[in-house]
Amino acid sequence: MPTSQDMTTEFDPGLLDALQHQVAVFARRAEQTRLGGTGQLRNSMDRAAYLLLNRLDQEGPMGVKALAAGMGIDSSTVTRQVAPLVDTGLVKRTSHPEDGRAVVLQLSPRGLARLEEVRSSRRQLMVEVTEGWTPDERESFCTLLTRFNTALSARQSAHTGAPATESAATAPAAPADPAGAAPAADDRADGTSESAQTS
């Protein structure tokens, strides 16, 4: 059975060094800028809030456990992160349609409107960052970045035993012109991000 060292030597070490360096630079730049959009809406919603609202919009109403499982975090973290969203009216708690005793989280009309504002701002950021790229280049980058994120998620799940999360299947679908696509989801909604700024 080949070792990790054997597998590494099958590829160009220089290219692998360049790749890991660029990923490290990207992670630092993403953390510094938070990819939070442009104009007045820049950084107006933190990563955890964005991912929670986006998940509820994509998947529909769900309970805390299902939301936590889908995002690869524990229920207590979801409960903590969703509390300010409920307090500000972006998310509402409702009865499960099939089990009135169960409570589900649902994106409110106000939450959807707020999410669309933030998405629009983040789309504009993607337009500005990829200015001069062709549509094919944007699409290729989006495809490869999604594939990279999916591989990282699968690797994490293999080590932790948790199901893979934030895969291509749950990411927002890319429009015909990838310049308008929402940024790839960051699956690090692990409670380490700033508190939700939803006002």
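Up top is the structure these notes are about.
Before going into details, it helps to say that this report is about the structure given with it. Just so it is clear, the structure is predicted and the values come from calculations on it, not from any experiment.

Cut-offs applied
- Residues numbered from 1 in each chain as written.
- Predicted model: local features only at pLDDT ≥ 70, side-chain atom pairs only at ≥ 80, totals over all residues.
- Heavy atoms only, no water.
- Helix = DSSP H or I, 4+ residues; strand = E, 2+ residues; numbered from the N terminus.
- Axes fitted to C-alpha atoms, helices over the stretch in contact; angles between N-to-C directions.
- Parallel < 35°, antiparallel > 145°, perpendicular 65-115°, else oblique.
- Contact = heavy atoms within 4.5 Å.
- Nonpolar A, V, L, I, M, F, W, Y, C, P; charged D, E, K, R; others polar.
- Buried < 20%, exposed > 50% of the residue type's maximum accessible area, 1.4 Å probe, protein only.
- Arc of directions from axis to C-beta.
- Patch = residues over 30% accessible without salt bridge, like charges linked within 9 Å, V, L, I, M, F, W, Y side chains within 5 Å.
- Areas by Shrake-Rupley, 256 points an atom, 1.4 Å probe, with all protein chains shown as cover.
- Salt bridge = Lys/Arg side-chain N within 4 Å of Asp/Glu carboxyl O.

## Brief notes about the environment of Lys65
- Position of Lys65 among the secondary structure elements: in helix H4 (residues 64-71).
- As a C-alpha pair, Lys65 and Val78 span 13 residues in sequence and 8.4 Å in three-dimensional space.

## So, the packing of H4 against helix H5 (residues 75-87)
- Here H4 crosses H5 at 105 degrees, and the two axes come no closer than 8 Å. Viewed along their axes, H4 and H5 adopt a mutual orientation that is roughly perpendicular. Here Val64, Lys65, Leu67 and Ala68 of H4 lie close against H5, whose contacting residues are Ser75, Val78 and Thr79.
- Of the residues assigned to the contact of H4 with H5, the class counts are four nonpolar, two polar and one charged.

## Examining H4
- All of the buried residues along H4 are Leu67, Ala68, Gly70 and Met71. Seen along its axis, H4 keeps its buried residues to an arc of 165 degrees; they face one direction.
- Packed against the buried residues of H4 are helix H3 (47-59), H5 and strand E2 (103-107).
- Two residues or fewer past H4, Gly72 is found with a positive phi of approximately 75 degrees.

## Comments concerning a nonpolar patch on the surface
- On the surface, a cluster of nonpolar side chains totalling about 500 Å² of accessible area is made up of Phe11, Leu16, Leu19, Val23, Phe148 and Leu152.
- For the nonpolar patch, the elements supplying multiple residues, two or more each, are helix H2 (13-33) and helix H7 (135-160).
- Here the nonpolar patch takes three residues from H2, the largest share from any one element.
- Structurally, Phe11 is set in the loop between helix H1 (4-9) and H2.
- According to the relative accessible area criterion, Phe11 is partly exposed, its value standing at 48%.

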